[in-house]
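So the chains spell out like this:
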Amino acid sequence: MVAMDGVQKWFGDLHVLQDINLHVTPGEVVVVIGPSGSGKSTLCRTINRLETIDEGTITVDGEKLPEEGKALAGLRADVGMVFQAFNLFAHKSILENVTLGPIKVRKKSKDEAEQRARELLARVGIEEQAGKYPAQLSGGQQQRVAIARALAMEPKVMLFDEPTSALDPEMIKEVLDVMVDLAQGGMTMVVVTHEMGFARTAANRVAFMADGQIVEENTPDEFFTNPQSDRAKDFLGKILKH
């Protein structure tokens, strides 16, 4: 579903993605973890071309990433993205936030888009908030709206870039619960997160990044109990002690 081959990316002199090779099969959940500054978010953002790459190829469902224009808009419709900041339209209601894309991009009728939006808001547990505005919702609720908005486009793959890192601890679980539900429902997902519990329970595979490289990939069980690289051992030693 997603294939990254020989991907290189520089920010000036900084080599942020170094020869990245990552293949995600349909229905697979790949969780990308690693220390801050290792290139995780940049990797995530290259998959729908929010960041351009300098070398290599990225394909989504067999199609190479378009450079720009209508083809790129079409690709972005197929690749749902949920960010650390919720990026909701403040002046639009929750229902309008979720229906905007399907009406404008997928050319759905207002009635059809609204019916689907209400179903998705129910799925993420906030159907009663449909008439409110983002500022009236908690951070956890806003992030669940962002997930519903991405799902409304019927994406082939969902990207999550640290979706819980801006949330208070008690709100993190409600967002992760929705993500686990999606994973169990067969959604293809690439998730950048610091939530090791989610990585353990929902991932099919963990990709550990450090210094712009994927240092190792393994099943969650193998990675957390038997990391192969010194970088991973060091990382896990620091985060799992507390």
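Residues numbered from 1 in each chain as written. Predicted model: local features only at pLDDT ≥ 70, side-chain atom pairs only at ≥ 80, totals over all residues. Heavy atoms only, no water.

> Describe helix α5 (residues 139-151), listing the residues and the values that go with them.
Relative to the 18 Å expected for 13 residues at 1.5 Å per residue, α5 spans 18 Å between its end C-alpha atoms, a close match to the ideal helical length. Burial of α5 is extensive: 13 of the 13 residues sit out of reach of the surface. (Helix = DSSP H or I, 4+ residues; strand = E, 2+ residues; numbered from the N terminus. Expected span 1.5 Å × (residues − 1). Buried < 20%, exposed > 50% of the residue type's maximum accessible area, 1.4 Å probe, protein only.)

> Give me the layout of surface pockets: which residues, what numbers.
By volume, the largest pocket amounts to about 540 Å³. Around the largest pocket, the lining is made up of 22 residues, and of these Arg-76, Met-81, Gly-101, Arg-149 and Met-153 lie nearest the centre. No other element matches the six residues that helix α3 (residues 94-104) contributes to the lining of the largest pocket. Partitioned by chemical class, the residues of the lining of the largest pocket number 14 nonpolar, five polar and three charged. Volume-wise, the second largest pocket comes out at about 200 Å³. Together, 15 residues line the second largest pocket, and Val-16, Ser-36, Gly-37, Ser-38 and Gly-39 are the ones closest to its centre. Listing elements by their share of the lining of the second largest pocket, those giving two or more residues are β2 (14-24) and α1 (40-46). (1 Å grid on protein atoms, 1.4 Å probe; cavity = no way out; pocket = protein on both sides within 12 Å on 5 of 7 lines; lining within 4 Å. Points joined across faces, edges and corners; volume = space filled by probe spheres on them. Nonpolar A, V, L, I, M, F, W, Y, C, P; charged D, E, K, R; others polar.)

> Please set out the UniProt feature "domain: ABC transporter" (unreviewed entry) in the protein chain residue by residue, giving values where relevant.
In the UniProt entry, the feature "domain: ABC transporter" (unreviewed entry) is given for residues 2-236. The span residues 2-236 is 39% helix and 26% strand, and its two end C-alpha atoms sit 27 Å from each other. (UniProt positions renumbered as here; feature names shortened; annotations may be inferred.)

> Lay out the packing of aromatic side chains with the relevant residues and their values.
All chains considered together, the criterion is met by three aromatic pairs. Arranged with centres 5.3 Å apart and planes meeting at 80°, the rings of Phe-223 and Phe-224 form a pair that is edge-to-face. We classify Phe-223 as buried; its relative accessible area is 0%. For Phe-224, a relative accessible area of 7% puts it in the buried group. By way of ring pairs, the aromatic residues Phe-208, Phe-223, Phe-224 and Phe-235 are connected into one cluster. (Phe/Tyr/Trp six-rings, centres within 6.5 Å; stacked < 30°, edge-to-face > 60°.)

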